[in-house]
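Each chain is listed here by its residues.
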Amino acid sequence: MADPPETHARQPVRKATITLADGRELMYFGAVPERPADYPDRRHLDPVHIQSQARLDQLLGEWVIMASHRQDRTFQPAIGQCPLCPSAAGSLTEIPAPDYEVAVFENRFSTLGARDQDHGSDGADLLVGRPARGRCEVVCFSPQHDASFADLTPGHAATVMAAWVDRSAELARQPGVEQVYCFENRGEEIGVTLSHPHGQIYAYPYITPRTGRMLDSCASYRSRTGRNLFDDVLAAEHADSRRIVLQGSHWTAFVPYAAHWPYEVHLYPRRRVPGLAALADAARAEFCELYLDLLRRFDRLFGSPAPYISAWHQAPVRRGGDEFALHLELFTIRRAPGKLKYLAGSESGMGAFANDVVPEAAAERLRQLG
Ligand SMILES: [Zn+2]
């Protein structure tokens, strides 16, 4: 694999799109093959048929996706059969090229993306269901099977950032998409089915429950104070400063005052923007440096790589762009070496969290791990 040049973060990232054997799209970002068409998908794949349905939980006002076709998806294949490694002689994977920097493709085992006709609800007004449209994509961060995001160079991370920006903007333009969510689950402890470093992007046909609640909180704070809630929370964390883990010229990373998880860090740009596509170049470049630093601190917390979830929060496509603040939430479910925080009766049953690690102590610990 050719290393990206030093100035990579300031150069436009190249992108090349091909069509896989079953009609799905695949995009190479960064060091794309000179002629991607020279590497066609040589597999024989049945067409994808996504049958998922979104059903409305009337009591919570939340959509739940029923995706029974995903039961037969790949689960921890042996290394030689990793579908996210580049293809090689005798081993045809999801990525036809023999090498890549960052690759993004439509997930064959997608939760979203039903193309069925919408026949409306079942006739009873309370039983509301519809085909779960939208799209799920897989983002391969590196061709190296045993790498992790924390191993990437800042230039390579900038290519991932460019892919997130491109996909966020393009998916937001697709009909029926209401929100785009870029995220990574890392670690077997949180049910990751493939260990190859990768993330996912969901383009939802509705606004997710957490984003909806944040927008409601913003609206009620705005009507009470005339101010933006995200701006004031960030200012309050700056003023207190005990929970700040890292600060750059463009970003601040802090453990939130009311953290839900034992080690949880929120990373905010100082200048509020609604989504990734609105970030200035300097902010994108600095993000890569700070984020890699944070991930490496997480990996030093327990003596072995921490299982984590890393979640980009962006404004929905059609609502809240003037109030919402793009930010990343990173948390681990591990609370001590070998000990996981399980969602127990209070969290799973009632959504009422209890956290064993005081946020100020978590921030102090993460600062010391630099
Ligand atoms: Zn692999």
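Everything below is about the structure printed above this text.
Here the structure is a predicted model, which means the values were calculated and not measured.

Here is what the cut-offs are and how they apply
Residues numbered from 1 in each chain as written. Predicted model: local features only at pLDDT ≥ 70, side-chain atom pairs only at ≥ 80, totals over all residues. Heavy atoms only, no water. Salt bridge = Lys/Arg side-chain N within 4 Å of Asp/Glu carboxyl O. Helix = DSSP H or I, 4+ residues; strand = E, 2+ residues; numbered from the N terminus. Buried < 20%, exposed > 50% of the residue type's maximum accessible area, 1.4 Å probe, protein only. Donors = N, O, S within 2.8 Å, 3.2 Å for Na, K, Ca; no water. Tetrahedral: all angles 85-135°; square planar, octahedral: opposite > 155°, others 65-115°. 1 Å grid on protein atoms, 1.4 Å probe; cavity = no way out; pocket = protein on both sides within 12 Å on 5 of 7 lines; lining within 4 Å. Points joined across faces, edges and corners; volume = space filled by probe spheres on them. Nonpolar A, V, L, I, M, F, W, Y, C, P; charged D, E, K, R; others polar. Axes fitted to C-alpha atoms, helices over the stretch in contact; angles between N-to-C directions. Parallel < 35°, antiparallel > 145°, perpendicular 65-115°, else oblique. Contact = heavy atoms within 4.5 Å. Left-handed = near helix turned anticlockwise from the far one by under 90°. Expected span 1.5 Å × (residues − 1). Polar contact = N/O pair within 3.5 Å; in protein donor to acceptor, adjacent residues only side chain to side chain.

Asker: Go over the pattern of salt bridges, please, and point to the residues and values.
Answerer: Scanning the model with the defined rule gives 28 salt bridges in all. Across the pair Asp299 and Arg186 runs a salt bridge, and its minimum N-O distance is 2.6 Å. Of this pair, Asp299 sits in helix 4 (residues 281-300) while Arg186 is found in strand 8 (residues 179-186), placing the two residues 113 residues apart along the sequence. Of the two residues, Asp299 and Arg186, both sit in the buried class. Salt bridges sharing partners connect three or more residues here, namely Lys15, Glu25, Glu106, Arg135, Glu137, Asp166, Arg167 and Glu170.

Asker: Give a description of the coordination of the zinc ion that names residues and reports values.
Answerer: Donor atoms from the polypeptide that coordinate the zinc ion comprise Cys82 (SG), Cys85 (SG), His145 (ND1) and His196 (ND1), at 2.1 to 2.3 Å from the metal. Coordination at the zinc ion comes from 4 donor atoms whose angles at the metal span 102 to 117°, giving a geometry best classed as tetrahedral. One chain supplies every donor for the zinc ion, spaced along it as C-x2-C-x59-H-x50-H. Here the residue Cys82 occupies a position in the loop between strand 4 (62-66) and strand 5 (102-106), and His196 occupies one in the loop between strand 8 and strand 9 (198-204), the gap between them amounting to 114 residues. Pair check on accessibility: Cys82 and His196 agree, each one buried.

Asker: Tell me about empty space enclosed by the protein, and please be specific about residues and values.
Answerer: Taken as a whole and judged by the stated rule, the model has 1 cavity of 30 Å³ or more. Counted as a void, the largest cavity has a volume near 60 Å³. Looking at side-chain class alone, the lining of the largest cavity contains 7 nonpolar, no polar and 4 charged residues.

Asker: Summarise the packing of helix 2 (residues 209-225) against helix 3 (residues 229-240); cite the residues concerned and give the values.
Answerer: At their nearest, the axes of helix 2 and helix 3 sit 9 Å apart, and the two run at 90° to each other. The orientation of helix 2 with respect to helix 3, classified from their angle, is roughly perpendicular. On helix 3, the residues that touch Met214, Ser217, Cys218 and Tyr221 of helix 2 are Leu229, Phe230 and Asp232. The class makeup of the residues in the contact of helix 2 with helix 3 is 5 nonpolar, 1 polar and 1 charged.

Asker: Outline the packing of helix 1 (residues 154-172) against helix 4, supporting the account with residue identities and numerical values.
Answerer: When two helices pack together, their arrangement is given by the angle between their axes and by how far apart the axes lie. Running from amino to carboxyl end, helix 1 crosses helix 4 at an angle of 120°, the nearest separation of the two axes being 9 Å. What the angle tells us is that helix 1 and helix 4 run oblique. Crossing handedness for the pair helix 1 and helix 4: right-handed. Mapping the contact onto sequence places Pro154, Ala157, Ala158, Met161, Trp164 and Val165 in helix 1 and Arg284, Phe287, Cys288, Glu289 and Leu292 in helix 4. For the contact of helix 1 with helix 4, a count of residues per class yields 9 nonpolar, no polar and 2 charged.

Asker: With reference to specific residues and values, describe helix 3.
Answerer: Here helix 3 is 12 residues long and its end C-alpha atoms lie 16 Å apart, about the 16 Å a rise of 1.5 Å per residue gives. The complete set of buried residues in helix 3 reads Phe230, Asp232, Leu234 and Glu237. Among the residues of helix 3, the N-terminal cap falls to Asn228, whose side-chain oxygen and the backbone nitrogen of Phe230 are separated by 2.9 Å. Positive phi shows up at Ser241, right after helix 3, with a value of about 70°.

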